[in-house]
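# Tertiary structure, described
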Amino acid sequence: MATTITLHQWLAFLILREKRKQEHHGDTTTNFVHQKKAAQLEYIQTAVSVALLLVQSLIVSTSSLSSQQITIDNFTVAIDDKGDAKLLLLLLNLEENPDDEDLQRIIESVTQLEFTPSTKNDSSTHANGEQQESDDDLLREVGTVLHQLFCRGIKPPLITNVSSPDEGDSDDDLDSEQPGAEKGRTKHSLRVAQKMLRKASISSLDEHVLTYGVPRNLCRLIIDLIRCEGGSEETKFRSIEEVAEELIQIISKPNLFLYDSEATGSSTGQLNFGSTLYGRRNEATSFLRAATLVSLDMMETHSKQLVLVEGLSGAGKSHFVASLIRSSSEFGWIYIHAKFDPQSQPLSVVTSAFNRFFMNILANRSEQEYVARVVSSLQRNLSSSAIVSLCDCLPSIRCLFPSVLRRVVSDEDLSSQNGVVVEDEFASGSQMSRIRLHFIFRKLISALCSVERPLALFFDDLQWADDRCMELLSALMERDHLQELDDNDGTNCLFIGSFRSNETNDNLLSHVDKFEQSTLVDVTKIELGGLAKVESNNMISEVLRIPARLTSPLNELVQRKTTGNPFHIIHFMQSLVKDSILNYSLSDKRWVWDIEAVKSTSIDKTVLELLARKLSQLPGNIVDGLKVLSCLGPKVDDTIMKYLYTSPESRNEFIACLDLAVGENILEKSGDSAYSFVHDMLKQSAYAVMSEEEKGEKHFWIGMKLIANASADTDEFNAIIFSIVDQINAANTYGVTEEALHMNFAELNLKAGKTSIDVSDFQSALSYMKAGVSLLNGWQDGEYYDMSLQLYETAALVSYLNTDIGLMQQYLEILFENAKCFEDRLHGYLVMIQSLLSNGKHVAAMKKILFILEELGESISINATPKEVYIELMSTKALLDTISPADVINGKRMADKGLRWRLRFLQLLNTPLYMLQPHAIHVTACRTVKLSVEHGFCSDSAIGLQIYGYGVLNIQNDVEECLKWNHTALSLVKSLGAKQMIPRIIMNVNILAYWKEPLQAKIESLKENHHELLMVGDLEVLPLNALHCCRQSLLCGRNLQTAQKECAALLHEMHQLRQMNALIGMISNHMSILKLIGSNYDSEELLFHLLGNSEINSLDELLQFCKSNRLVGPTQQCYFDRLMLAFWSKKYEEAAQYAEKYSECHQTRRFPDLFQTFYQGITAFRLVRLKDDKIREWADVGKNALSKYQTWVNYSDWNWENKMLLLEAELHACIGELEIAKSKFQASIDSAQKHRFVHEEGLASELFGMFYDENGNKEEAMQQYSHARSCYQKWGAFALADRLNTAS
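Residues numbered from 1 in each chain as written. Predicted model: local features only at pLDDT ≥ 70, side-chain atom pairs only at ≥ 80, totals over all residues. Heavy atoms only, no water.

Across its full length, the protein chain carries 61 helices and twelve strands. Within the protein chain, the proportion of its 1288 residues that are buried is 56%. Intrachain contacts of the protein chain at a sequence separation of at least 6 include 74% that bridge at least 24 residues. (Helix = DSSP H or I, 4+ residues; strand = E, 2+ residues; numbered from the N terminus. Buried < 20%, exposed > 50% of the residue type's maximum accessible area, 1.4 Å probe, protein only. Contact = heavy atoms within 4.5 Å.)

Have a look at this one:
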């Protein structure tokens, strides 16, 4: 319930409350003064809220406003009395002395303020209704009422309308005549006197209002309303709405505009723009929408969120991201910021950002639980060797894994041969180490983020990132392809990238285009332009703590000169302060400016010139410190400074200079001793003020200081190796060097290059190798021969890894020409051969390997006949029969370097042989085994043992011998500690496990090993593991929808890794899944598009491509998929043709062979029952298939029993033994159900139904068809289920 009183009456209550709160109760004078100020402030806070209600009531008033009606008595206040009789009596003025509690309730219970004009004495209009007064008259009366409100009911003294005190009147405004005549002089003198009188009047009013404790911004508002006729056109109030806007600004940010506290920066005479984000509301909404999806885990498709922020330099990209993430910190966000820099190695920027994050988080005791969770996740998802690699990249986390680092020892097998195999780890594939790095960092991201702790990973200034960093960003946003969809795979990470829109490059634009086209990434693009006028005015208004109306003229000029660029605005405003055009007035307690001087101030042609001018005004010692800092990375801390300034005095002096630069808003300081430039343009400016010669000298001085003061070959030296070499190389580019030290500098570049390779930063490694070779100044013999050899070997390697084949060939030519012996050329040959293989030049690679083996004394025949292969296998078997697996695992190790090289190239020969002449790999395997038995075993021996095992399986069908030596190979590499080799051997063991272990179980093993292969970066075997994972998912009866998703994910991964041969088999397999599902999948064209060959757009064209390129394995895979589809579709004649074609390609045993035998056997028996012309031949084919399964079932009844029983059922049906056939059909159904082969349970039921149908038992047939249909639906083969519906 509300009671209405006049505003005048309510004001009396407000004045009474203030008076009571100011009463002196015997306290000290100091307390009394404080009490008085507090009461005044409370009065003003209440009055300003009511002032806004008052103005708003005028805006919504339906009455015609008249200046004579705008009086304090024509406003009523509604008070919510809440039905309190005592309060009601008080408000009706029946009780004159309310207590403090009632008084407070009256003041705080205002619910509405209404303008209720009186109709008496209203002479504001003529009879015809024409307006007699201007808006200025109305505004003046509003000012009068506000004066009464703030000045405790006192009306303002009468004054003459005058101009703004900030905008001086000109004499021309007072007299339009020339002052030459007497009359003109008299008028002019009179007007000057009037002007002086008005200024005195205004000054008096100003002092009058301030006497009542009215804050200066409110004081200015009241005065400008009262004197509105003479106000400046740019700052005068034009409407009541503008008054409301200013009051809203004052009320919404009282700390800036209401309280008369000292303005920001006034004590130092500088402006402080703080961290507020201005003018980016729509952009912030887009950003926060993506952040919300990440933090709340709302992505149903588990797509990653990427925000790309672009804009010109100075647009505030970094500030925009940091402000929004900072505002979200209460929701548990963690933030990693990697800012690229043209003077730093890009990948080191990324690792440094993660290092800084971990150092900060480890120093925070409240984060111990979070750290423990991260460690647990990494230990669960990464192998020990992968954790060691991660610690090499991020030294700050070494303390988290002490047990792992103690447990992991160096591989005695790999380290004993002077790095032969260690270097091959990188030469074995152009992407091997990079894929390993990507995988490890994906696991790191998954460990760091969760719904409770979302992660914002910001790659800033991407225009300076290289291709490797862009690939890393892409890889981090990929799915962990075989991880279950409900697992955390980094979907709680918000990926953010920023770049300068006018400094893009083809590499950056290409990656941005890929991000936008990816189905795995949701891209939010945000473009930051210049601030709009209203937003830049808000910015200036808040920094100066002056209402936006009054800063509008200044903002107009600033906008014109800076085009709204935030960085330019900040530094232009600071330059006005430096030039004393913008000053803080101690007497007025506000910022004041000379508007004419601002107009005449020209902003420099570029902001760099503006910043250079700013730097030139600083003391020389500060500039010298900034020059040093500009030569270093984006952030410099005591890690570097302690080597540059070794004495405490010099270091403290340097830090003092940097602290002064922090005060000048040029640097920002984090922690105790980490400094960085506020903006990269400031760093550019500090660097640009130096001449070319001074830059070179400064870089050289830094580099030599680091070399001199950091002990060589120590962990500390290794930690700053990149900083040392970068400085020396930078100095060299400016012509500053010391030739006597060039060999030392070349050696440092070699070390930096190898360290870069260790962390898969191949692009940086190449730049170091180029610098090292340049410093070498041609091949050096004598004492520098070994260094020359290593430089050119490594330069060739990293050129290949950067896909610069032309440069690789140049380095190899010099290496081959100058190497003293053939053995010194072997590393170069290794790189050359891998380059040939990665480019699909298998024939050329094979010829080169055979040449090298000849030179090493190893002659091998790759054209061996099947009989010769058999003889070789048998002789090898006889040799192995003389030793046991334990003799291999614990026996002699191969120590001879030349023999190790022979085995290395023998194993390398398997890659082209597998593609061109698969049977010949058994010859190389046998030779490897014989050399190993005679001279000792090594990691390459394990590959030989495995391929030998395949050989005896192919030729002798000796499953036990095959499995024995495969398991021995795995035990061998584990005993050697050959960590890179273990997942490769495990893959072969998994593939062969189908002989004895359930097929369904091995899918999970293949998936787990897929992760291990990624961890070691084995790109050679990874595609084969992926192909088998897809193949077994289809053949073991796994739900086809699940199989399709996994296959699609792996297809995407193989496409990214450019594994075309694997893609062929996987596309063929994927199309089979889709056809069984019955999907009218539109993506068939997209699948073939993955191959990147415009001539392949169908399965027929895919098969033709494989045949014409002699790709035996992929050709056989295509035939198998056609056989399978024809078989399940009951197109038996077509299935028989493809089964024959598959057999024609057969050169070595493959996993699908067992299913080809099964499909062919069933097909043959069906053709016999269909009275095909070749009944006898088909009967023999069927019996042969059954014979094989009767043997194979002895190895695993789980995998092969149901298939054998179904073949037996078909055989008995063919020869008329119907009762036996029935029992066999049912037994096959039961066995398939027991062993979880739902698809083959459906197949047996369907064939059983056909058997009943053919023998006239329709009812039983329909029951079997119904059961088959149910099984096919469980499998997900809806096309087969629909076919049965149609048939029945």
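Counting 309 residues, the largest nonpolar core has Phe354, Leu448, Leu626, Phe905, Trp1128, Tyr1159 and Trp1275 as the members making the most contacts within it. Looking at this core, the element that brings in the most residues is helix H36 (residues 785–801), giving eleven residues. Excluding residues that lie within four positions of it along the chain, Phe905 makes contacts with Leu826, Tyr829, Leu830, Ile833, Ile849, Ile852, Leu853 and Leu856. In terms of nonpolar packing, the next biggest core, distinct from the first, is built from 55 residues, Leu11, Leu54, Ile106 and Leu225 among them. (Core = buried A, V, L, I, M, F, W, Y, C linked by side-chain atoms within 4.5 Å.)

Before going further, it helps to examine the environment of Ile240. Here Ile240 lies in helix H9 (residues 240–252). With relative accessibility at 10%, the residue Ile240 sits in the buried group. Separated by 105 residues in sequence, Ile240 and Asp135 have C-alpha atoms that sit 8.9 Å apart. In this structure, Ile240 is in contact with Val55, Leu58, Ile59, Leu65 and Leu139, ignoring residues within four places of it in sequence.

Scanning the model with the defined rule gives 44 aromatic pairs in all. Each ring, one from Tyr1189 and one from Trp1192, has its centre 4.9 Å from the other, and the planes form 65°; the classification is edge-to-face. Taken as a pair, Tyr1189 and Trp1192 lie in helix H56 (residues 1175–1192) at a separation of three residues, close to a single helical turn. One exposure class covers both Tyr1189 and Trp1192, and it is buried. Both rings, one in Phe1248 and one in Phe1251, keep their centres 6.2 Å apart while their planes meet at 35°; by these two values the pair is tilted. With Phe1248 and Phe1251 both in helix H59 (residues 1238–1254), this residue pair falls three residues apart, about one helical turn. The exposure classification of Phe1248 matches that of Phe1251, with both residues buried. We note Arg549 situated over the ring of Phe237; from NZ or CZ to the ring centre the distance is 3.9 Å. If you follow Lys1203 out to its NZ or CZ, it ends over the ring of Phe1237, 4.2 Å from the centre. (Phe/Tyr/Trp six-rings, centres within 6.5 Å; stacked < 30°, edge-to-face > 60°. Lys NZ or Arg CZ within 6 Å of the ring centre and 35° of its normal.)

Attention shifts here to the pattern of salt bridges. Side chains that differ in charge, positive against negative, can pair when their charged atoms come close. Overall, the coordinates contain 53 salt bridges when judged by the stated rule. Put simply, Asp224 and Arg549 hold a salt bridge, and the shortest N to O gap is 2.9 Å. Residue Asp224 is found in helix H8 (residues 216–226), and its partner Arg549 is found in helix H23 (residues 548–562); the two are separated by 325 residues along the sequence. Given the relative accessible area of 12%, Arg549 is considered buried. Lys996 is paired through a salt bridge with Glu960; the nearest N and O atoms lie 2.9 Å apart. Here Lys996 is found in the loop between helix H46 (982–992) and helix H47 (999–1016), whereas its partner Glu960 is found in helix H45 (residues 959–976), with 36 residues between them in sequence. Residue Glu960 is classed as partly exposed on the basis of its relative accessible area of 41%. (Salt bridge = Lys/Arg side-chain N within 4 Å of Asp/Glu carboxyl O.)

Once that is clear, we can look at the sheet that holds strand S3 (residues 110–115). Taken together, three strands build an open sheet; the order of strands is S1-S2-S3 and the sheet is antiparallel. Single-partner strands in this sheet number two, and they are strand S1 (2–6) and S3. Taking each pair of neighbouring strands and ignoring which way they run, the sheet shows an average axis angle of 25°. Against the sheet, helix H1 (residues 7–22) touches S1, strand S2 (75–80) and S3, its axis set at about 90° to S1. (Pairing = 2+ DSSP bridges. Axes fitted to C-alpha atoms, helices over the stretch in contact; angles between N-to-C directions.)

Now for the confidence of the model for the protein chain. On average, the protein chain scores 83 in pLDDT, and the residues at 70 or more come to 86%. When the criterion is pLDDT under 50, residues 161–190 qualifies, and its contacts beyond four places in sequence or with other chains add up to 38 contacts. Contacts from residues 407–430, a stretch scored under 50 in pLDDT, to residues over four places away or in other chains number 54 contacts. (pLDDT = per-residue confidence, 0-100.)

Going residue by residue along strand S5 (residues 334–339), you find Ile334, Ile336 and Ala338 tucked away on one face and Tyr335, His337 and Lys339 left uncovered on the opposite face. Pairing between S5 and strand S6 (residues 455–460): six bridges, direction parallel. Paired with His337 across the two strands is Phe458, which belongs to S6.

Here we come to the environment of Ala795. By the element assignment, Ala795 lies in helix H36. The class of Ala795 is buried, set by a relative accessible area of 0%. For the pair formed by Ala795 and Leu750, sequence separation is 45 residues and the distance between their alpha carbons is 9.1 Å. Excluding its chain neighbours within four sequence positions, the residues that come into contact with Ala795 are Leu766, Met769, Val773 and Tyr811.

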